[in-house]
Amino acid sequence: MELHIFFLYLLIMAGSTYLIRTIPFSLVREKIENRFIRSFLYYIPYAVLTAMTLPAALYATDHFVSALAGIVVAVIFALWGKGLTTVAVAACGTVYAVELFWFG
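What comes next concerns the included structure. What you are looking at is a predicted structure, and each value in this text was computed from that prediction instead of being measured.

**Here's the deal with a nonpolar patch on the surface**
Here's step 1: Taken together, the side chains of Met1, Leu3, Phe6, Phe7, Leu8, Tyr9, Leu10, Ile12 and Met13 present a nonpolar region at the surface, about 980 Å² in accessible area.
Here's step 2: Mapped onto the elements, Leu3 comes out in helix H1 (residues 3–27).
Here's step 3: On the basis of relative accessibility, which here comes to 58%, the residue Leu3 falls in the exposed class.

See the structure below:
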């Protein structure tokens, strides 16, 4: 890639990410009172994190079944209120066990 094309792409990317982050701060000056908008904004980070993590988790293993088993165990442990380390270890252990015993 030519250097001037790279810097053009870099400038466009930096500008777009900067605008996405600064426009809400410049347009909304007071506290948002609408319950629907506040609820919507509260759940945005969780939705984005799920949308980024779930596809990667499904294709991170050799078999779809082991990935799905790991996700199910992670969700169950998270709903039980376990910590992040416990959830991660349980999910990884489940994936390892399924890969070892099912697909051996």
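**Let's talk about the packing of helix H2 (residues 35–58) against helix H3 (residues 64–79)**
Here's step 1: Between H2 and H3, the shortest axis-to-axis distance is 8 Å and the interhelical angle comes to 135 degrees. Relative to H3, the element H2 is oriented oblique. Residue-level contacts link Leu54, Ala57 and Leu58 of H2 to Phe64, Ala67, Leu68 and Ile71 of H3.
Here's step 2: Residue classes in the contact of H2 with H3 are distributed as 7 nonpolar, no polar and no charged.

**Topic: the packing of H3 against helix H4 (residues 84–101)**
Here's step 1: Close contact between H3 and H4 brings their axes to 8 Å; oriented N to C, the two are set at 150 degrees. Taken together, H3 and H4 sit at an angle that is classed as roughly antiparallel. Regarding H3 and H4, the two cross each other, and that crossing is right-handed. Residues Ser66, Ala69, Gly70, Val73, Ala74, Phe77 and Ala78 of H3 pack against Thr86, Val87, Ala90, Ala91, Thr94, Val95, Val98 and Glu99 of H4.
Here's step 2: Taken together, the residues that form the contact of H3 with H4 break down as 10 nonpolar, 4 polar and 1 charged.

**Remarks on H1**
For the α-helix, the turn length of 3.6 residues means that residues three or four positions removed from each other point alike.
Here's step 1: With 25 residues, H1 should reach 36 Å at 1.5 Å per residue; the first-to-last C-alpha distance of 36 Å fits that figure.
Here's step 2: At Arg21, H1 shows its maximal kink, close to 30 degrees; a proline, Pro24, follows between one and four residues later.

**Brief notes about H4**
Here's step 1: The end-to-end C-alpha distance of H4 is 26 Å, a good match for the 26 Å that 18 residues give at a rise of 1.5 Å each.
Here's step 2: When we look at burial in H4, the residues that qualify are Val87, Ala90, Ala91, Thr94, Val95, Val98 and Glu99. Projected down its long axis, H4 carries its buried residues within an arc of 160 degrees, all on one side. Residues of H4 that are exposed and point more than 90 degrees away from the buried face comprise Thr85, Val89, Cys92, Tyr96 and Phe101.
Here's step 3: Looking at the packing, one finds that the buried side of H4 touches H3.

**A short note on the packing of aromatic side chains**
Working definition: an aromatic ring pair is given by the centre-to-centre distance plus the angle between the planes.
Here's step 1: Summed over the entire model, instances satisfying the criterion amount to 6 aromatic pairs.
Here's step 2: Residues Phe6 and Phe7 carry aromatic rings whose centres are separated by 5.3 Å and whose planes lie at 65 degrees to one another, so their mutual orientation is edge-to-face.
Here's step 3: Ring plane angle 55 degrees and centroid distance 5.9 Å describe the contact between Tyr42 and Tyr46, whose orientation is recorded as tilted. Placement of both Tyr42 and Tyr46 in helix H2 is noted, with a separation of 4 residues, approximately one turn of the helix.
Here's step 4: The partly exposed category is assigned to Tyr46, whose relative accessible area is 48%.
Here's step 5: Taken together, the ring pairs in this structure connect Tyr42, Tyr43 and Tyr46 into an aromatic cluster.

The rules behind the values
Residues numbered from 1 in each chain as written. Predicted model: local features only at pLDDT ≥ 70, side-chain atom pairs only at ≥ 80, totals over all residues. Heavy atoms only, no water. Patch = residues over 30% accessible without salt bridge, like charges linked within 9 Å, V, L, I, M, F, W, Y side chains within 5 Å. Areas by Shrake-Rupley, 256 points an atom, 1.4 Å probe, with all protein chains shown as cover. Salt bridge = Lys/Arg side-chain N within 4 Å of Asp/Glu carboxyl O. Helix = DSSP H or I, 4+ residues; strand = E, 2+ residues; numbered from the N terminus. Buried < 20%, exposed > 50% of the residue type's maximum accessible area, 1.4 Å probe, protein only. Axes fitted to C-alpha atoms, helices over the stretch in contact; angles between N-to-C directions. Parallel < 35°, antiparallel > 145°, perpendicular 65-115°, else oblique. Contact = heavy atoms within 4.5 Å. Nonpolar A, V, L, I, M, F, W, Y, C, P; charged D, E, K, R; others polar. Left-handed = near helix turned anticlockwise from the far one by under 90°. Expected span 1.5 Å × (residues − 1). Bend = angle between axes of the 7 residues up to and from the residue. Arc of directions from axis to C-beta. Phe/Tyr/Trp six-rings, centres within 6.5 Å; stacked < 30°, edge-to-face > 60°.

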